[in-house]
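The residues making up each chain are set out below.
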Amino acid sequence: MTGGASTTLERAAARLADLLTGTATTITEPRPHPGAALELFDQVSLRPLARTEAPVECWAVDGGQSVVADARCLQLLVTRAARVRYADGACTLEDDGTLRATLLGGEAERAAAVEALDVVGMDPTTSVDINLVRDRWEWEAVERCVADATPGALVLVDGDLQPDWRMPSTFLAELLAEAAARGVTLVGVTKHSSLASGGAPLLGRLEREAEASFGERSMWWAPVGRTRADVGGVTIVAARLDPDAPFSFRIDLPATAEPEAVLGPLAAVADDAAFPGYPYPLSVADGLAACPGWLRAEVRHELDSLFDLAGVPTDVRRRAFADRHDLMERS
């Protein structure tokens, strides 16, 4: 390591040490979601949490994505959104979702991709990327869960309760109103939150404070912030849902919900020994929605078959989609 590199590492480490061991408590969101209008509380009060009975029904949604062919100016990607249903302690539905292919590239592909998303009120000139495509179909799956759920059910979403910023700002508010009318509660669970306290991770600070206040194996929760009603009306809390949980999570709840009345049943489906503290319906949905390498290879093989039928020469495909950087590193 050169002297200059060592100096920069030493400076970075010193700054990290200051942040991680500092005493500042101001809560911030370093990477705010565009349009989320998140209002964070000045003071965070920790409260003990009690596990209650499991919900009568629990749905979970998660999405997966993969780039199948990348010519940089053109990309073929696939996405899917999985749904899972638990009732009476058993999994009664595992739906890995429809695998959808989307072509991204120039203006014609962008316009076609926006139209295919079929979102009322979306700006037809908006940009499109893989995150928007995956997010749109995740929320479509959430809408179907809300429609299929029985009163009293929880519908769990991987991540915060905030659709992609390119979705209309009224989308979530309308969905929350529909869920409330059906007696269904949406819950967002974020595994790795960017919320910060004095520049350091907020959840890590709260975990240490809770251990000191309530004990090493305590379950707890704390209100952290909220969003405006016109962009959904959501209460953001931090919570540890199992005595054996290594981590706490950010959890988003409808502003109209009583947090403890939702967190208690949520904790009842977060006691799996494999992932203590994380709702196991979401773990199952995550596995179903994943787009692993073998799936990408299958889609690419199918794409080549379709290229054969269309008469696309193999050298044209190779020149378009070969990863030159990967080839150079292997030489």
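In short, a report on the structure. The structure displayed is predicted, hence computed values, not measured ones.

With that out of the way, let us pick up unusual backbone geometry. At aspartate 88, a position not held by glycine, the phi torsion is positive, near 55°. If you trace the backbone, aspartate 88 turns up in the loop between strand E5 (75-87) and strand E6 (90-95). The phi dihedral of aspartate 118 falls on the positive side, at around 55°, and the residue is not glycine. Considering the arrangement of structural elements, one finds aspartate 118 in the loop between helix H2 (107-117) and helix H3 (130-148). What makes aspartate 118 exposed here is its relative accessible area of 57%.

Attention now goes to the pairing of strand E9 (residues 185-190). Judged by how many residues are buried, E9 sits mostly within the fold: 6 of 6 residues are covered. Covered by surrounding structure in E9 are Thr185, Val187 and Val189 together with Leu186, Gly188 and Thr190, the residues of both alternating faces. Of the strand pairs in this sheet, strand E8 (residues 154-158) and E9 are connected by 5 bridges, and their pairing is parallel. Across the sheet, aspartate 158 pairs through a bridge with valine 189, a residue of E9.

Evaluation of the coordinates by the stated rule reveals 0 disulfides. Not part of a disulfide, cysteine 145 finds its nearest cysteine sulfur in cysteine 58, a span of 9.7 Å. With a relative accessible area of 0%, cysteine 145 lands in the buried category.

About the criteria used
Residue numbers run consecutively from 1 along every chain, following the written order of its sequence. Note on the predicted model: pLDDT of at least 70 is required for a residue's local features to be given, and 80 or more for side-chain atom pairs to be given and counted; whole-chain, interface and lining totals, by contrast, use all residues. Note that the side-chain values use all heavy atoms of the structure and ignore hydrogens as well as water. We count a stretch as a helix when DSSP gives it H or I for four or more residues in a row; a strand needs E for two or more, and each element gets its number in order from the N terminus. Relative accessibility thresholds used throughout: buried, under 20% of the residue-type maximum; exposed, over 50%; partly exposed, between the two (1.4 Å probe, protein chains only). Two strands qualify as a pair provided that DSSP identifies no fewer than 2 bridges between them. What counts as a disulfide here is a pair of cysteine sulfur atoms lying within 2.5 Å.

Limitation: the analysis is restricted to geometry and does not speak to function.
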